[in-house]
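Residue-level structural notes
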Amino acid sequence: YAIILKKPILFVTSNEMETHPDTLHIYKNIKLNASILKKKIINIDEFNIEDCEKELKVNDELYKSYQDNWIKEENVNISSIWLDVIKKIQINLFN
């Protein structure tokens with residue numbers, strides 16, 4: 001949802017996540033997505049608040065490219081699709 005709503009994304013890992021066999025696949029996924037969005041991965045074991053602040057910027061061009069390549073088909077109005085999803089969730093939750 002962050003891409004669709006153009007919200008900042010922080011890609012966070014830890015030393016253990018980057019090396020442990022059970023979480024290595026998660027780290028590789030984080031690494032791939034961070035690379036696509038040209039974001040720095042923040043390792044919480046080497047935390048630096050300045051790094052976090054720098055990574056809170058949204059690159060509209062990269063977000064649009066990610067959305068077009070990974071989230072939706074070409075020529076599909078994604079906002080109307082997600083509005084329909086939200087309406088259906090609200091109906092199911094509140095009725």
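Definitions and limits used
- Just so you know, the residues in each chain are numbered from 1, in the order the chain's sequence is written.
- Local features in this predicted model are restricted to residues of pLDDT 70 or higher, and side-chain atom pairs are both shown and tallied only at a pLDDT of 80 or more, whereas totals for entire chains, interfaces and linings draw on every residue.
- Side-chain metrics in this entry use all non-hydrogen atoms of the structure; hydrogen atoms and water are not considered.
- Secondary structure follows DSSP: runs of H or I at least 4 residues long count as helices, runs of E at least 2 residues long count as strands, and numbering of each begins at the N terminus.
- Relative accessible area decides the class of each residue, using a 1.4 Å probe on protein chains only: under 20% of the type maximum gives buried, over 50% gives exposed, and in between gives partly exposed.
- The contact definition used throughout considers only heavy atoms, calling two residues in contact when any of these lie within 4.5 Å.
- Accessible areas in this description were obtained via Shrake-Rupley with a 1.4 Å probe; residue shielding takes into account the shown protein chains only.
- Note that His is not counted, nor are the chain ends; the positive residues are Lys and Arg, and the negative ones are Asp and Glu.
- Here the site of a charge means NZ on Lys, CZ on Arg, CG on Asp, or CD on Glu.
- Only one rule defines a salt bridge in this text: a Lys or Arg side-chain nitrogen within 4 Å of an Asp or Glu carboxyl oxygen.
- One fewer than the residue count of a helix, multiplied by 1.5 Å, yields its expected span.
- Working definition: the arc comes from the directions between the helix axis and the C-beta atoms, pointing outward to the latter.

1. Observations regarding the overall build of the protein chain
A tally of regular secondary structure across the protein chain gives five helices and two strands. Secondary structure elements of the protein chain, listed N to C terminal, follow the sequence β-α-α-β-α-α-α. Along the longest, intermediate and shortest principal axes, the C-alpha atoms of the protein chain span 45 × 30 × 25 Å. Classification of the 95 residues of the protein chain by burial places 23% in the buried group. Taking all contacts inside the protein chain whose residues are at least 6 apart in sequence as the whole, residues at least 24 apart take part in 64%. As presented, the protein chain carries roughly 7,400 Å² of accessible surface, and 55% of it is formed by carbon and sulfur atoms. For the protein chain, the separation between the mean place of its 13 positive charges and that of its 15 negative charges on side chains is 7 Å.

2. Some remarks on the pattern of salt bridges
Scanning the model with the defined rule gives one salt bridge in all. For K64, the salt bridge identified is with D68, shortest N-O distance 2.8 Å. Within this pair, K64 and its partner D68 are both found in helix 4 (residues 60–71), separated by four residues, close to a single helical turn. With relative accessibility at 29%, the residue D68 sits in the partly exposed group.

3. Brief notes about helix 2 (residues 24–36)
For helix 2, which comprises 13 residues, the first-to-last C-alpha distance of 18 Å matches the rise-based estimate of 18 Å (1.5 Å per residue) to within 8%. Y27, I30, N33 and A34 are the residues of helix 2 that are buried. Buried residues along helix 2 cover an arc of 130 degrees about the axis, so they all sit on one side. Facing away from the buried side of helix 2 by over 90 degrees, the exposed positions are H25 and K28. The secondary structure elements touched by the buried residues of helix 2 are strand 1 (11–13), helix 1 (15–19), strand 2 (41–43) and helix 4. Downstream of helix 2 by a residue or two, K38 has a phi angle that is positive, lying close to 55 degrees.

4. Re the side chain of E55
Structurally, E55 can be placed in helix 3 (residues 49–55). Lacking a salt bridge, the buried E55 has K39 as its closest oppositely charged neighbour, with an N-O distance of 4.3 Å. Excluding anything up to four places from it in sequence, E55 contacts I9, L10, K39, K40 and I42.

5. Digging into unusual backbone geometry
A positive phi angle, close to 55 degrees, is found at K6, a residue other than glycine. Counting through the fold element by element, K6 comes out in the segment before strand 1. Residue K38 is not a glycine yet carries a positive backbone phi of 55 degrees.

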